[in-house]
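Descriptive analysis of the structure
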Amino acid sequence: MVCKAIPILLLVVLGVSRAEAQQTAVKQAADFRTVVTPFVQRYCIECHGEKKQKGKLSLAGLTGDLSKPRELQIWQAAHEALEQREMPPSDADHQPAAAERAQVVKSLAAVMRAAGVAPDEGKWLAPIKGNYVDHRALFSGKATAGAAGTNPRLWRLTGQAYEDYFDKLIKRYKLNLRNYGEFKLTAPWNFTPERDFVDYASAHRVGEAEIEFLLRNASTIAGAMIKRHSVSHGSFGAYIKELATVIKAGGAATAEQADAALAPAFEGLFQRPPTAAEAGRYGAFFRDNVAKLGGPDAVGQLLTALLCNTELSHRVEIPAGPANRLAPRDLARTIAFALTDDGPDTALATAAAQGKLATREEVAAQVKRMLDDATIAKPRVLRFFREYFAYASAPGVFKDEVTLFQELAVRGARGWNADFFVSDADRVVLAALAEDKEVLRSLLTTTKTHALTVDPLFQIHTKKDAYRQQKKTFEADEQTAMKIYGISIPTRPDWDPHRLYDLPPEHRLGLLTHPAWLVAQSGNFDNHAIHRGRWIREKLLGGKIPEVPITVNAMLPDERHRTLRDRMRVTREEYCWTCHKQMDPLGLPFEQFDHFGRFRTEEMVVDPEATSAKKNLNKDGVPRQTLRKPLPLDTTGEVSGSIDPSLNGPVKDPFELIRRLAASEHVEQVFVRHAFRYFLGRNETLADGPALVAAHQAYRKNSGSMRALVTSLLSSDPFLFRTHPSEKTSP
Ligand code: HEC
Ligand code: HEC
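Rules used throughout
Residues numbered from 1 in each chain as written. Chains lettered and ligands numbered in written order. Predicted model: local features only at pLDDT ≥ 70, side-chain atom pairs only at ≥ 80, totals over all residues. Heavy atoms only, no water. Helix = DSSP H or I, 4+ residues; strand = E, 2+ residues; numbered from the N terminus. Buried < 20%, exposed > 50% of the residue type's maximum accessible area, 1.4 Å probe, protein only. Contact = heavy atoms within 4.5 Å. Areas by Shrake-Rupley, 256 points an atom, 1.4 Å probe, with all protein chains shown as cover. Near = heavy atom within 4 Å. Polar contact = N/O pair within 3.5 Å; in protein donor to acceptor, adjacent residues only side chain to side chain. Donors = N, O, S within 2.8 Å, 3.2 Å for Na, K, Ca; no water. Tetrahedral: all angles 85-135°; square planar, octahedral: opposite > 155°, others 65-115°. Salt bridge = Lys/Arg side-chain N within 4 Å of Asp/Glu carboxyl O. pLDDT = per-residue confidence, 0-100. Lys, Arg positive; Asp, Glu negative; His and termini not counted. Axes fitted to C-alpha atoms, helices over the stretch in contact; angles between N-to-C directions. Parallel < 35°, antiparallel > 145°, perpendicular 65-115°, else oblique. Nonpolar A, V, L, I, M, F, W, Y, C, P; charged D, E, K, R; others polar. Patch = residues over 30% accessible without salt bridge, like charges linked within 9 Å, V, L, I, M, F, W, Y side chains within 5 Å. Core = buried A, V, L, I, M, F, W, Y, C linked by side-chain atoms within 4.5 Å. Pairing = 2+ DSSP bridges.

For the rest of this paragraph, the subject is the overall build of the chain. Helices and strands together make up the secondary structure of the chain, namely 31 helices and eight strands. Burial analysis of the chain (731 residues in total) assigns 50% to the buried set. Considering only intrachain contacts with a sequence separation of at least 6, the fraction spanning at least 24 residues in the chain is 71%. For the chain, the computed accessible surface area is about 34600 Å², with 55% contributed by carbon and sulfur atoms.

Before going further, it helps to spend a moment on the site of ligand 2. As a matter of local geometry, ligand 2 sits amid 20 residues, with His531, Arg534, Cys576, Cys579 and His580 nearest to it. A distance of 2.5 Å is found between an oxygen atom of ligand 2 and a side-chain nitrogen or oxygen belonging to histidine 531. Separating a nitrogen atom of ligand 2 from a side-chain N or O atom of histidine 580 is a distance of 2.8 Å. Contributing elements (two or more residues each) for the shell around ligand 2: α22 (529–540) and α24 (574–580). Element by element, the count of residues in the shell around ligand 2 is highest for α24, at four residues.

Every protein donor of the iron atom of ligand 1 is listed here as His48 (NE2) and Met87 (SD), and their distances to the metal cover 2.0 to 2.3 Å. Given six donor atoms and angles of 86 to 179 degrees at the metal, the environment of the iron atom of ligand 1 is assigned as octahedral. On the criterion of sequence distance, the pair formed by histidine 48 in the loop between α2 (32–43) and α3 (69–83) and methionine 87 in the loop between α3 and α4 (98–114) is long-range, its members being 39 residues apart.

Looking now at the coordination of the iron atom of ligand 2. Note on metal sites: the ideal angle is 109.5 degrees for four tetrahedral donors, and 90 or 180 degrees for six octahedral donors. Counting protein donors to the iron atom of ligand 2 gives just one, His580 (NE2), placed at 2.1 Å. Tracing the sequence through the fold places histidine 580 in helix α24.

Side-chain pairs of opposite charge can arise whenever the charged atoms involved come near each other. One pass over the full model with this rule turns up 47 salt bridges. The residue aspartate 566 makes a salt bridge to arginine 569 at a minimum N-O spacing of 3.6 Å. Classification of arginine 569 as partly exposed rests on a relative accessible area of 36%.

The next subject is unusual backbone geometry. In the segment running from methionine 87 into proline 88, the intervening peptide bond is cis, with an omega of -15 degrees. As for its placement among the helices and strands, proline 88 is situated in the loop between α3 and α4. The phi dihedral of aspartate 436 falls on the positive side, at around 60 degrees, and the residue is not glycine. Classification of aspartate 436 as buried rests on a relative accessible area of 11%. Positive phi, normally seen in glycine, also occurs at glutamate 438, with a value near 45 degrees. By secondary structure assignment, the location of glutamate 438 is in the loop between α18 (419–435) and α19 (439–445).

With that settled, consider the confidence of the model for the chain. A residue-level look at the chain finds 89% of positions with pLDDT of 70 or above and a mean pLDDT of 86. Note that residues 1–29 has pLDDT below 50 and, in this model, 37 contacts with residues that lie over four places away or in other chains.

Right, let's get into the side chain of arginine 537. Turning to its location among the elements, arginine 537 is positioned in helix α22. Despite its burial, arginine 537 pairs with no opposite charge; the closest candidate is glutamate 538, at 8.6 Å N-O. If near-sequence neighbours (up to four positions away) are discounted, arginine 537 is found in contact with Gly542, Gly543, Ile545, Lys581, Gln582, Leu586, Ser640, Gly641 and Ser642.

What follows is about the packing of helix α16 (residues 379–389) against α22. Direction vectors running N to C along α16 and α22 enclose 130 degrees, while the axes themselves pass 10 Å from each other. Taken as axis vectors, α16 and α22 run oblique relative to one another. Contact with α16, carried on its side by Glu387, Tyr388 and Phe389, involves Trp535, Lys539 and Leu540 of α22 and no other residues of that element. Class assignment for the residues of the contact of α16 with α22 results in four nonpolar, no polar and two charged.

Further remarks concern the site of ligand 1. For ligand 1, the set of nearby residues contains 17 residues, the closest of which are Cys44, Cys47, His48, Leu57 and Met87. Note that a nitrogen atom of ligand 1 is positioned 2.7 Å from one of the side-chain N or O atoms of histidine 48. Those elements that place two or more of their residues in the shell around ligand 1 are α2 and α3. If one sorts the elements of the shell around ligand 1 by residue count, α3 sits on top with three residues. A breakdown of the residues in the shell around ligand 1 according to their chemical character gives 13 nonpolar, two polar and two charged.

This next bit is on a nonpolar patch on the surface. Residues Val548, Val552 and Tyr575 make up a contiguous nonpolar surface patch of about 260 Å² in total accessible area. With respect to the secondary-structure elements, tyrosine 575 resides in helix α24.

This part takes up the nonpolar core. Ranked by size, the top nonpolar core spans 107 residues in total, and within it Phe384, Phe385, Phe389, Leu512, Ile536, Phe679 and Met706 carry the most contacts. Not counting residues up to four positions away in its chain, the partners in contact with leucine 512 are Phe389, Leu444, Trp517, Leu518, Trp535, Ile536, Leu540, Phe590 and Ile658.

Inspection of the secondary structure assignment puts tryptophan 416 in the loop between α17 (401–408) and α18. The class of tryptophan 416 is buried, set by a relative accessible area of 14%. Spatially, the C-alpha atoms of tryptophan 416 and lysine 399 are 7.0 Å apart, while their sequence positions differ by 17 residues. Each residue touching tryptophan 416, except ones within four places of it in the same chain, is listed here: Val397, Lys399, Glu401, Leu404, Phe405, Phe421, Ile484, Val519 and Phe596.

So, on to the pairing of strand β1 (residues 153–156). Neither face of β1 is exposed, since Arg153 and Trp155 on one face and Leu154 and Arg156 on the opposite face are all buried. Bridge analysis of β1 against strand β2 (residues 314–317) gives four bridges, and the strand direction is antiparallel. Looking across to β2, one finds that leucine 154 is bridged to valine 316.

Examined against the element boundaries, methionine 568 turns out to sit in the loop between α23 (564–567) and α24. Classification of methionine 568 by relative accessible area gives buried; the value is 4%. Each C-alpha atom of the pair methionine 568 and isoleucine 530 lies 9.1 Å from the other, and the pair is 38 residues apart in sequence. For methionine 568, the residues in contact, after removing those within four places along its chain, are Ala529, Ile530, Leu556, Asp584 and Leu588.

Structure, rendered in structure tokens:
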């Protein structure tokens, strides 16, 4: 039915660029022998020949016949290595000119396509590839590479936003629907936090199965609305009167009644009149159905169709206005959904309707208004920080809680509970946002935290004994959390969830030393220095680390009697170190904390002698418990390979590392790049350079104001314009 319009629209919008790219590639297909072979001879064979096979790879004697699986694998790897400028290595004697490289990349791509293998074009769209665009070129301040603007697209709403719409509709029309628990009308997509941003416009397209799901939701609501019509003139005056008329007329409903009801139905569901095209399409559909099916069924069909409208599941970002602008209403929705899970508020909707979103300044004024207004919840801004710092996954990390509670001497706890830490970290972020001064720097260096902000009361029953039980567990949780933070806070009623408490300043410095981050970046039994280092390399230094090669068995030796640093010696092998030198020395300073996030001064490891000593054995000769011993702690590390040389050099502990990073302008720019990605829902390209420079300047000029940064991004050309794909050059 009308829902079919969604996939068609998707194809129209998203298919354009791909089809065009394919055509050009076929046109430019060059002969493997005349382009690729000579190139390989000149620049690769010295290291990848018959004799010398660096990385165990030989490129000699290959014919470009990609029907052979081995050749296919090699050329795919070579294509990627060339495209990413990884090969030849920067220290090789012969370096190809940029044009030569571009030509061979194109030829290889064409050869692959001719063999029926599409080089994975989509991979450049993934958040993990964001840092591959050259940082210096981006921030050079020069406008390069064509018009800045985002391709036309449909960007699926967050699951939350989709669900909120139905919640509101149910309330507005007082529909008799149980919209909770198993009956809740949910979005068929939802994103769990990962290492990178999850809500990219390209990350998820609504497919067939989901469209059926959306259709079912729509018909459930439509059914409930039909049932509700009879009370429309009573106390439920909100009902769409003209629709009620059609329903009541039953088999006698007329085309005139149908026509009169169409616009009110649009207003009732979308708070706007139908466009001319919609009036034509839906009008004919409705009139037809009224004649064939009678009033009630025709209204059911119409409502179902309307509730499948693309705009309930997507932001429609297709240029409609002059000069590739978004239509004012679409722009208003794009702004609203960039900050909230809700459509435009009254002021924004009014500005759109009155043509007051026409200039950059007008857009900026609306964005600023929303950011400044504390009464408007902006969940997407908080979510940016959650996803950027990647701390929200802490509760998902399983821990051996028995050992912890023994060590902490805490009794009666519900279990290991990292929810506290995530919620506390959220409040730390919200406090920094409210302050809005040097936001990144303060998050990296604050010595304060909120504490125990998960409100335990919501779980407490009114029954007295249940209350007493819960109270005990809460107190145990409280003790655990405080011991991990290393603070003592007043107990109820003096404890205040809205207050920032001081952490020991010599033990903590910012979110990277907050238990939420430390636990999220840890394993079940250990710290995860490699993850931590990778996070810093990518999120603060803007570096790029190739994925773990499939030939590597990425496991540390299971030597519980050694320190983690010691066990990580396997990554120091020459081959491993090419990647791991970029991660490990950045993560190892955080050995300052144990994997529960506690500050420590020595590292406890298994003591095999004491464990197997006679007095620890039971009568069957099995150790009664695993005994541990302390080893000296080493918290040294190093920043290397940063394009800002002032960052490079050894550090003695995490605090020195964090202070150095937090003071850096380069780090700030990398942060701005991530903000761009999140709020634009895509990776930056060279054409976005001026927008990034402007956003960074806005942040700087306003003393590190996140509001200024976001305002700049949401009024930038890439946010306001939708370029036709052919006008744009790829990164
Ligand atoms: C100066 C020596 C040198 C030259 C020249 C060189 N490579 Fe390499 N290449 C290496 C080394 C060392 C490795 C293994 C370590 C690594 O991956 O960095 C490697 C690895 C590779 C890999 C495997 C990467 C992976 O994903 O595992 C590919 C593919 C590759 N090279 C392609 C090329 C191509 C194509 C050229 C010519 C444009 C080239 N190399 C030129 C030294 C060289
Ligand atoms: C081409 C780059 C590269 C090379 C070469 C490489 N690694 Fe890694 N390694 C990675 C990346 C990326 C990760 C994942 C980091 C993360 O996300 O936590 C990783 C993770 C690991 C981990 C942790 C796995 C886990 O999740 O617990 C170990 C252990 C490891 N590598 C060992 C090695 C060893 C040993 C070698 C050499 C034989 C090696 N690696 C070579 C890139 C590399």
